[in-house]
Amino acid sequence: MNWRNYAACRGTDPETFFPIGATGPALTQRQKAQATCGECPVRLACLAFAVSAGIDHGIWGGLDPDERRTLRTAAKRRQTTSVNP
């Protein structure tokens, strides 16, 4: 099963998920993308893909690049903590 076949964004203009900037129209575009992700049945699979692949652009699984970086950093900290108690 390919999770992309079930994505809520399927058929949506891909540019919606790649806002340029963080203010004005880009903020509205980001909010629209995140709203679409919020209703997506495969949101977590999409997010896991983006995090594991190190994708550093666009909205994936409802998170922007900064939010995904924060997730990766937290995961690395947890790994380091569990390995070095």
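Per an unreviewed UniProt entry, the protein goes by Transcriptional regulator WhiB and derives from Microlunatus ginsengisoli. As its UniProt record puts it under Function (unreviewed entry), the protein is described as follows: "Acts as a transcriptional regulator. Probably redox-responsive. The apo- but not holo-form probably binds DNA." UniProt lists a comment for the protein under the heading Subcellular location (unreviewed entry), and it reads "Cytoplasm".

Turning our attention to the UniProt feature "domain: 4Fe-4S Wbl-type" (unreviewed entry) in the protein. The UniProt feature table records "domain: 4Fe-4S Wbl-type" (unreviewed entry) at residues 8-70. For the annotated span residues 8-70, helix accounts for 49% and strand for 0% of the residues, and the straight-line distance between the end C-alpha atoms is 24 Å.

This next bit is on helix H2 (residues 43-53). Among all positions of H2, only Cys46, Leu47 and Ala50 are buried. Down the axis, H2 shows its buried residues gathered within 95 degrees of arc, on one side only. Exposed side chains of H2 directed beyond 90 degrees from the buried face belong to Leu44 and Ser52. Of the residues trailing H2, Gly54 is marked for its positive phi of about 70 degrees.

Another aspect to go through is the side chain of Asp64. Inspection of the secondary structure assignment puts Asp64 in the loop between H2 and helix H3 (65-83). Looking at Asp64, its side chain comes within polar contact range of the main-chain nitrogen of Asp66, at 3.0 Å. When residues no more than four places from it in sequence are discounted, the contact partners of Asp64 are Arg30, Gln34, Gly58 and Ile59.

According to UniProt, the feature "binding site: [4Fe-4S] cluster" (unreviewed entry) maps to Cys9, Cys37, Cys40 and Cys46 in the numbering used here. Sequence-wise these annotated residues cover 38 residues; spatially they are packed, their C-alpha atoms never more than 10.7 Å apart. Following the sequence through the fold, Cys9 ends up in the segment before helix H1 (25-38). Taking relative accessible area as the criterion, Cys9 reaches 32% and is therefore assigned partly exposed. Ignoring anything within four residues of it in the chain, the contact list for Cys9 reads Phe17 and Thr36. When you line up the elements, Cys40 lands in the loop between H1 and H2. A relative accessible area of 15% means that Cys40 is categorised as buried. Contact partners of Cys40, with chain neighbours within four places excluded, come to Tyr6, Ala7 and Ala8.

Cut-off values and rules
- Residues numbered from 1 in each chain as written.
- Predicted model: local features only at pLDDT ≥ 70, side-chain atom pairs only at ≥ 80, totals over all residues.
- Heavy atoms only, no water.
- UniProt positions renumbered as here; feature names shortened; annotations may be inferred.
- Helix = DSSP H or I, 4+ residues; strand = E, 2+ residues; numbered from the N terminus.
- Buried < 20%, exposed > 50% of the residue type's maximum accessible area, 1.4 Å probe, protein only.
- Arc of directions from axis to C-beta.
- Polar contact = N/O pair within 3.5 Å; in protein donor to acceptor, adjacent residues only side chain to side chain.
- Contact = heavy atoms within 4.5 Å.

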